[in-house]
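Fold and contact review
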Amino acid sequence: MRFASADMVSGEFLNDPSLYENNTWRIKPAKAESNEQLLDRLGNYIKHLAYILKAGADQKQQAVSFEFSEGLIKIYNGGIGIKPIDEVPLTWVNTCYSDEQALTAYKMFEGYLITSKSYKG
């Protein structure tokens, strides 16, 4: 009989950035998505990045890699921002139904940053 680890009991395993539920942003949809679905996709991507950062902090790592999770978000020392549109990797664009949908998601995130009180540009 296998016993559950403390992480499994506490639900911490749900914060694993490699967990399927934290990677649904990678699955290209079969048809165009509504704005709500695009927002969910963007939210799942942001959650995935947050879990990478959390895992790095929990493991007291000096650095973390986003090599396989590149997208429209640019992470600075002490903050986040958005990459210029021409620097968004095609690997992220291709997770969306179309280039137009990727641009819509980009503008959603950009709009959030612009209206956020804590974003400094």
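Residues numbered from 1 in each chain as written. Predicted model: local features only at pLDDT ≥ 70, side-chain atom pairs only at ≥ 80, totals over all residues. Heavy atoms only, no water.

Right, let's talk about the overall build of the protein chain for a bit. The number of helices and strands found in the protein chain is four helices and two strands. In the protein chain, the order of α-helices and β-strands from amino to carboxyl end is α-α-β-β-α-α. In the protein chain, which comprises 121 residues, the proportion classed as buried is 33%. Sequence-distant contacts in the protein chain: of pairs separated by 6 or more residues, those separated by 24 or more amount to 51%. Carbon together with sulfur atoms contributes 57% to the accessible area of the protein chain, which is approximately 8400 Å² in total. (Helix = DSSP H or I, 4+ residues; strand = E, 2+ residues; numbered from the N terminus. Buried < 20%, exposed > 50% of the residue type's maximum accessible area, 1.4 Å probe, protein only. Contact = heavy atoms within 4.5 Å. Areas by Shrake-Rupley, 256 points an atom, 1.4 Å probe, with all protein chains shown as cover.)

The predicted coordinates should not be examined in detail at positions where pLDDT is low. Mean pLDDT over the protein chain works out to 88, with 88% of the residues at or above the 70 mark. Looking over the protein chain, one finds the lowest element-wise mean pLDDT in helix α1 (residues 6-10), namely 49, and the highest in helix α3 (residues 90-93), namely 96. The low-confidence segment residues 1-6, where pLDDT is below 50, has one contact with residues more than four positions distant or belonging to other chains. (pLDDT = per-residue confidence, 0-100.)

Right, let's get into the pattern of salt bridges. Summed over all chains, the structure comprises three salt bridges. A salt bridge links E33 to R41; the shortest N-O distance between them is 2.8 Å. The two residues E33 and R41 agree in class, both being buried. For E70, the salt bridge is made with K83, and the minimal N-O distance between the two is 4.0 Å. Taken together, the residues E70 in the loop between α2 (35-58) and β1 (73-76) and K83 in the loop between β2 (79-82) and α3 connect sequence positions 13 residues apart. Take E70: its relative accessible area is 39%, and that puts it in the partly exposed class. By relative accessible area, K83 is classed as buried at 14%. (Salt bridge = Lys/Arg side-chain N within 4 Å of Asp/Glu carboxyl O.)

Another point: the nonpolar core. Counting residues in hydrophobic clusters, the biggest one holds 19 residues, and the most contacted among them are Y45, L72, W92 and F109. Broken down by secondary-structure element, the contributors of at least two residues to this core are α2, α3 and α4 (99-115). Those residues within four positions of W92 in sequence are excluded, and the remaining contacts are W25, L42, Y45, E70, G71, L72, A102, A105 and Y106. (Core = buried A, V, L, I, M, F, W, Y, C linked by side-chain atoms within 4.5 Å.)

Across its 24 residues, α2 extends 34 Å between first and last C-alpha, which sits within 8% of the 34 Å expected from 1.5 Å per residue. Taken residue by residue, α2 has L38, R41, L42, N44, Y45, H48, L49, Y51, I52 and G56 as its buried positions. Looking at the buried side of α2, the elements it contacts are β1, α3 and α4. One or two steps after α2, the chain reaches K60, where phi turns positive at roughly 55°. (Expected span 1.5 Å × (residues − 1).)

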